[in-house]
Every structure is written in structure tokens, then in C-alpha cells.
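# Structural characterization, general
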Amino acid sequence: MKRNTQFRRALAACAWLLGSACAVLVASTPAAAQGSWPKGKAITYVVPFAPGGNTDTLARLIAPALSTALGTPVVIDNKGGAGGSVGSAIAARAPADGYTILGGTISSHSINVSLYAKIDYDPIKSFTPVAMLGSGPLVLVVPASSPYKTLNDVLAASKARDGGLSSASPGTGTSPHMALELLSYQTGVKFTHVPYKGSGPAVQDVIGGQVDMMFDTTLIVGPHIESGKLRPIAVTSSKRLESLPNVPTIAEAGQKGFDMGSWQAVFAPAGTPKPIVDRLHAEIMKIVTTPDIQARLKSFGMVPSTMTPAQLGDYQKAEVAKWAQVIKAAGIKAD
């Protein structure tokens, strides 16, 4: 009897030890998985454009604060080319481990797939949406010497002229070019697109009267509106801009449903674990909702966003479909 009792006690002790070991293993495995990121390894923030542009400027605003929040370096890597397609393809091929994120835009993640004959990524399937940073409405402007004062003036003049009014842009496929094509698509009015290599030379030729008009962000045209060199006609957003309260939206000016913004977002390679995406989203949202960053975004002419990753994904899909329709109707292709 004594031996049986000792045997049972020994079995119970073994079972307790085995159960404890299993409990420790089960409990520690999720913790280890959740706590292993980020751990000592730098996060690469791919910017698919050259230094100095909006996407690069936003990345350099966010990266230091994100590095502090995550406790690991966040390094900017500029990989420009083909309207953001080159850098986006590089990010799409990166491991989905949370150590690569991408500054995606209206160009790289909604327009390029229809504009270019071939890009080495799918803007939807190759990425996981992380965070929408904001959207920058564009402003339609004409030279101060122009006779056109309203959108109806612009449309009537373009209808009356063979080939339509000329409109400058920083390049084929850019958001200012797409705003022009969207206006043409919705109104049936033709314009002559005049692409430049950047907004700088484009805006100077509009000021000088060599080109009739252009769309661009308030970051580009705002100073010239303030100086009186350019006259604002309308803004592309669904609501008026705080900085231009007396300038109507294109929808208010008669084109119902017109709504366009040059948006900026953060994506990760497809398959990035949800806990990592959720953490990135939460930390980036904390950063972009601080008063300082909000003020900086508004100074760029951007409206900050509070979209969830799922909402960003839905919005992006709608944008891809919208621009595919516009680009097909306009017959635009980029090399």
C-alpha cells in the first residue's frame, strides 16, 4: 500500500511538472512571437521617389518619431523612377517581416497599373495597407492676366478653341495631369496637356502666360496665389480648403461628384503579420495626429486622415478602378 501511494505521488509530481512545462511553452510562444518585433534590426522605409518631394518629406517627418516609438532605427531609402513604380517593386519583393515599409501614393498605388504597359508588382495584391497619411487637394490656377475667372469660363473657352486650352503638369501620369484628365472625362471638354519635368518650370510658364492653366498642390501654387501672380479657379476636393476659403470646389462649380486628392499612405509587403501591421498603424497614427505634424501636413496642403488599414484598402481599390476608367477613356500611356 505504501509503495502504491508513493508511486501515485510520483506520477502526480511528474504530471504537474510536465503540465507546468507545457504551460510555460504555450504561454511564452505567443509572447515571444509578439515581442520579437522589432528587435535590434533597422526598418527600411522605402520612398519610391527622389529626395525633396512630398513623399520623401513626409517620410522624413515620420521616421524619427516612429524609430523612437518602436525602439529601433527607421532608415529612409530613396528608390525613384517610373512614377514610383521602381521603388514599389523593390518593396513588394522584400520579406514580409515588418522590416520594410513603403511610402505609397496615388501614382504608385492606383494610377501606374493602368498607365504603364508593365509594372513589376500588383498595387493591391503585392501589399498590405498600413496607414493613410493624408490627401492633398489640387488647385486649378490661371495666370493673373487671364480673362478666365470661373470654371465655367475655363470650360467655355476650351470648348471654343481648337484643341482646347493648354494645361501644364509636372509630367505624364502625375496627379496634376490626372486631375486634368478627370475634368475632361467628366465634362467631355478637351484640353491640350503640356507635360514638364517637374512643377517648377511648369508653374513658371503658367505665370508667364505661355500655358493657359494648370492643376497643382497648394505647396506649389500657394505662394504664387498669395503674391497675386496666379488666380485660383477651383479646388479638386469635396470640401473647400481652409487656406483658400473663398475658392469653390469643382463640384460646387457645377461638376457634381468631382473629388480628387493626391494621397500619401504607408504600405507593407503582402503577408506582413497582422499584429505588426496593427502596431505600425497605431504608432503612425499617434505620430500624424500630434499638433506639430498636423500643422506640417496642413502646411503642405494636405488633409490628415484617420482611415483604418481596411478602409485604406477599400479606398485604394476604388481609386484603382476610377483611374483605370479615366486613363482608358483618355488613351494615355507612359513608357
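Residues numbered from 1 in each chain as written. Predicted model: local features only at pLDDT ≥ 70, side-chain atom pairs only at ≥ 80, totals over all residues. Heavy atoms only, no water.

## Brief notes about the pattern of salt bridges
Spelled out, the test is: Put simply, a salt bridge is a Lys or Arg side-chain nitrogen that is within 4 Å of an Asp or Glu carboxyl oxygen. Helix numbers and strand numbers start at the N terminus; a helix is a DSSP run of H or I with at least 4 residues, a strand a run of E with at least 2. Burial classification: accessible surface area is computed with a 1.4 Å probe over protein chains only, and a residue below 20% of its type maximum counts as buried, one above 50% as exposed, and the rest as partly exposed.
As enumerated under the stated definition, the model contains nine salt bridges in all. Residue D97 is joined to K41 by a salt bridge in which the shortest nitrogen-to-oxygen separation is 3.7 Å. Of this pair, D97 sits in the loop between α3 (85-92) and β3 (100-105) while K41 is found in the loop between α1 (2-35) and β1 (43-47), placing the two residues 56 residues apart along the sequence. Classification of D97 by relative accessible area gives partly exposed; the value is 25%. We classify K41 as partly exposed; its relative accessible area is 42%. Taken together, the salt bridges that share partners define one network made up of R279, E283 and K286.

## Considerations on the confidence of the model for the protein chain
As a reminder of what qualifies: A residue's pLDDT is the confidence the predictor assigns to it, expressed on a 0 to 100 scale. Note on definitions: a residue-residue contact is assigned when non-hydrogen atoms from the two residues lie within 4.5 Å.
Of all residues in the protein chain, 89% attain a pLDDT of 70 or more, and the chain-wide mean is 88. Across residues 1-5 the pLDDT falls below 50, and counting only partners more than four positions away or on other chains, this stretch makes zero contacts in the model. Taken as a whole, residues 10-34 scores under 50 in pLDDT and shows zero contacts with residues more than four places along the chain or in a different chain.

## With respect to the packing of helix α2 (residues 54-70) against helix α9 (residues 274-288)
Condition: The angle between two axes is taken between their N-to-C directions and runs from 0 to 180 degrees, where each axis is a line fitted to C-alpha atoms and a helix contributes only its stretch in contact. Roughly parallel refers to an angle under 35 degrees, roughly antiparallel to one over 145, roughly perpendicular to one between 65 and 115, and oblique to any angle outside these ranges. Should the near helix be turned anticlockwise from the far one by less than a right angle, the crossing is left-handed, and should it be turned clockwise, the crossing is right-handed.
Where α2 contacts α9, the two axes come as close as 10 Å, and the packing angle between them is 125°. Judged by the angle between their axes, α2 and α9 are oblique. α2 and α9 meet at a crossing whose hand is right-handed. Contacts between α2 and α9 involve I62, A65, L66, A69 and L70 on the former and, on the latter, R279, L280, E283, I284, I287 and V288.

## Comments concerning unusual backbone geometry
Negative phi characterises most residues that are not glycine, and trans characterises most peptide bonds. Cis rather than trans, the peptide bond between W37 and P38 has omega equal to -15°. Tracing the backbone shows P38 in the loop between α1 and β1. Residues other than glycine seldom take positive phi values, yet A82 does so here, at roughly 55°. Inspection of the secondary structure assignment puts A82 in the loop between β2 (74-78) and α3. Given the relative accessible area of 37%, A82 is considered partly exposed.

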